[in-house]
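Now for the letters of each chain:
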Amino acid sequence: MKKKILNLINKKNKSRIVSLTAYSKNIASILDNICDIVLVGDSLGSVLYNYKSTREVSLNTMIEHSKSVRMGIKKSLMVVDMPHNTYRNSKEALKNAKKIILKTRCDAVKLEGGKKIYNIVKTLTKNNISVMGHLGLLPQSDKTFKFKGKKSSERNKILNDAKLLESAGVFSIVLECVETTLAKKVTNQISIPTIGIGASNNCDGQILVFDDLIGLNPIDVRFVKKYSNIRKEIKKAVSNYSKEVKQKKFPLKKHSY
C-alpha cells in the first residue's frame, strides 16, 4: 500500500483528517499540505457547471480538472471521484480507474455505494488501485436529499456496507448526511478512517466543498460553515477596478509598456 495511504489510515484515533475539494491548480496549491486529502469531487457539476445533479458529469470533465489539480499538489493525498455510469461493472470500473490514474496521476479514486459495488471495489484494490468509499447520502443515485439513519433498516444497511467496503479494501469512507449516533457507531466499528460531511464530529475527519467554505457558492445548507465571505471581497475588488477604469486611474504608467 502507498505510503500516503498508510499515513492516512494511521491517523485514525490519533489525529483529525482535514479534507477539501479542489477543481483547479490555483486552489489546489493553496490547499496542498494544509489538507490531508484534496478531492476532485464530481460536485464540480453543480458548483462550476450549474448541472442539476452530479449524474451529468463526464469522465473527461473529471480528468481535465484533475490534471489541473495535480499541478498544484505536492504533499496532500489526491483523490478523484469516478463519475456516474463509469463503474457499472468490474470491467468498466477497472478500465476507467486506470484511465483516471494514468492521465491525472492521482493517488486514489472514490466510488459511491456499498454492497452493490463490493465486487467492483475488490477488483480495483486487487489491481493496486486505492479506493475511497462513500456511504449515506449518495448524490449519484439518490433522488431526494435527506439525511440517512432515521430508520433502523437504513442504519443497519450503512453499518453493514461500511464493513463490506472495508473488507473489499477501501482505505477510508466518506459518510455524507449520516445521523450523529450512526456516524459514531460506524467510525467505532471499522478500523479505517471515516470522513464526514454533514455527519457530525464523530467521524475521523471532515470534508467540505471549498467554494461553500469560502462563501463563493451562495448555498444555505445546514452542514456548511462559511469561514469567509469571498463574494463580498470579489465584489469590492471588481467595483474598485470599475471605478479606476472609468476615472482613468488604471492602468497607470507603471502598468504600461
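In the block above lies the structure referred to throughout.
Anyway, here's the lowdown on the structure attached to this text.

Calculation rules
- Residues numbered from 1 in each chain as written.
- Predicted model: local features only at pLDDT ≥ 70, side-chain atom pairs only at ≥ 80, totals over all residues.
- Heavy atoms only, no water.
- 1 Å grid on protein atoms, 1.4 Å probe; cavity = no way out; pocket = protein on both sides within 12 Å on 5 of 7 lines; lining within 4 Å.
- Points joined across faces, edges and corners; volume = space filled by probe spheres on them.
- Helix = DSSP H or I, 4+ residues; strand = E, 2+ residues; numbered from the N terminus.
- Nonpolar A, V, L, I, M, F, W, Y, C, P; charged D, E, K, R; others polar.
- Pairing = 2+ DSSP bridges.
- Axes fitted to C-alpha atoms, helices over the stretch in contact; angles between N-to-C directions.
- Buried < 20%, exposed > 50% of the residue type's maximum accessible area, 1.4 Å probe, protein only.
- Right-handed = clockwise from strand over helix to strand, strands pointing away.

So, about the layout of surface pockets. For the largest pocket, the calculated volume is near 830 Å³. When residues of the lining of the largest pocket are traced back to their parent elements, those giving at least two are helix 3 (44–47), strand 6 (172–176) and strand 8 (205–208). Here the residues of the lining of the largest pocket sort into 17 nonpolar, nine polar and twelve charged. Taken as a whole, the second largest pocket spans an internal volume of roughly 580 Å³. Lining the second largest pocket are 24 residues; nearest its centre among them are Glu112, Gly113, Lys116, Leu138 and Ser141. Secondary structure elements with two or more residues in the lining of the second largest pocket: strand 5 (131–136) and helix 7 (152–168). If one sorts the elements of the lining of the second largest pocket by residue count, helix 7 sits on top with four residues. Tallied by class, the residues present in the lining of the second largest pocket amount to six nonpolar, eight polar and ten charged.

As a further point, take the sheet that holds strand 7 (residues 194–197). Spatial ordering of the closed barrel is given by 1-2-3-4-5-6-7-8, a layout of eight strands whose pairing is parallel. For this sheet, the mean inter-axis angle between neighbouring strands, taken without regard to orientation, is 25°. With two bridges joining them, strand 4 (residues 108–110) and strand 5 adopt parallel strand pairing. Across the sheet, the residue bridging to Val109 is Val131, located in strand 5.

Of all five residues making up strand 3 (residues 77–81), five are buried, and the element is well covered by its neighbours. Every second residue of strand 3 is oriented toward a common face, with Leu77, Val79 and Asp81 on one face and Met78 and Val80 on the other, all of them buried. The pairing of strand 3 with strand 4 spans three bridges and is parallel. Bridging across to strand 4, Asp81 finds its partner in Lys110. With helix 5 (residues 90–104) bridging strand 3 and its parallel neighbour strand 4, the resulting β-α-β unit is right-handed.

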